[in-house]
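Overview (structure and organization)
This is what each chain is made of:
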Amino acid sequence: MLERELSGAGFEKSSKLIKSLPPDLFAELCQQIVTYLQCQSVGVDQIHFCQRFQAVGVETSADEVRNVINAVTCLFSTAAKHRLSSDALLNFVVNKYKLPKQILQVIRHVWNEEGKTLLENEGSKDLLPALQLVDFQWKIGMAVSSDNCRSLNHPYVTVSLKVADSSGQVTNKVFEMSIAEFQNFHKQFKEMSAALETV
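The structure presented is a predicted model; accordingly, all values stated were derived computationally and were not measured.

1. A short note on a nonpolar patch on the surface
A cluster of nonpolar residues, L133, F136, W138 and I140, forms a patch on the protein surface that exposes about 410 Å² of accessible area. Residue position: W138 is located in strand β2 (residues 131-143). Judged by relative accessible area, which is 46%, W138 ranks as partly exposed.

2. Quick look at the pattern of salt bridges
Taken as a whole and judged by the stated rule, the model has 4 salt bridges. A salt bridge links E28 to R52, with the nearest nitrogen and oxygen atoms 2.7 Å apart. On the criterion of sequence distance, the pair formed by E28 in helix α3 (residues 23-37) and R52 in helix α4 (residues 46-55) is long-range, its members being 24 residues apart. Exposure remark for E28: the relative accessible area of 27% places this residue in the partly exposed category. Relative accessible area serves as the criterion here: at 31%, R52 is assigned to the partly exposed category.

3. Thoughts on helix α2 (residues 11-19)
What α2 keeps buried is the set F11, S14, S15, L17 and I18. Viewed end-on, α2 has its buried residues packed into an arc of 165°, placing them on one side of the element. Turned more than 90 degrees away from the buried face of α2 sit K13 and K16, all of them exposed.

Reading the values: rules and limits
Residues numbered from 1 in each chain as written. Predicted model: local features only at pLDDT ≥ 70, side-chain atom pairs only at ≥ 80, totals over all residues. Heavy atoms only, no water. Patch = residues over 30% accessible without salt bridge, like charges linked within 9 Å, V, L, I, M, F, W, Y side chains within 5 Å. Areas by Shrake-Rupley, 256 points an atom, 1.4 Å probe, with all protein chains shown as cover. Salt bridge = Lys/Arg side-chain N within 4 Å of Asp/Glu carboxyl O. Helix = DSSP H or I, 4+ residues; strand = E, 2+ residues; numbered from the N terminus. Buried < 20%, exposed > 50% of the residue type's maximum accessible area, 1.4 Å probe, protein only. Arc of directions from axis to C-beta.

Have a look at this one:
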């Protein structure tokens with residue numbers, strides 16, 4: 001059962017990248033993932049960790065980092081779901097994925113320190129929202145000209161949303177709206193706010 005769940009999360013493919021990580025950086029990643037699984041944060045910022053991995057000389061992409069985050073998240077949440085002991089978890093990982101000793105020590109340490117809390121929280125994981133808003137920023141700009149038109153003088157609003165999905169991945173979404181679209185957007189938020197006050 002555990003093998004099937006981890007295989008579905010791509011742990012085997014991600015284990016190659018995990019093997020190349022310095023133990024302290026892998027420990028930092030694990031701690032962020034555990035914090036997310038304990039519902040103490042909205043997710044794990046894959047761009048931040050991609051930059052951290054690259055800074056220590058590990059060649060990777062944001063997609064590969066996302067896969068590692070998903071795999072390690074699955075490892076800890078599946079271990080909690082199946083109520084695995086530290087030894088059972090380590091034996092499985094050692095036999096299946098052949099991870100370096102330092103990485104195994106990190107997994108053991110994290111599970112010994114945080115496993116009990118994860119076991120207690122596992123029952124409430126189904127209550128996590130599909131997406132969670134982490135940050136919202138906007139700015140007004142003016143399009144002065146373009147290749148097709150010499151004088152646009154067209155105001156617009158750029159909105160930047162940082163959202164965390166149910167797996168804890170934090171991503172940025174940026175879009176532009178005309179002033180009329182932004183005013184309609186604002187009106188809808190006011191209506192939502194008024195509706196929430198009646199609940």
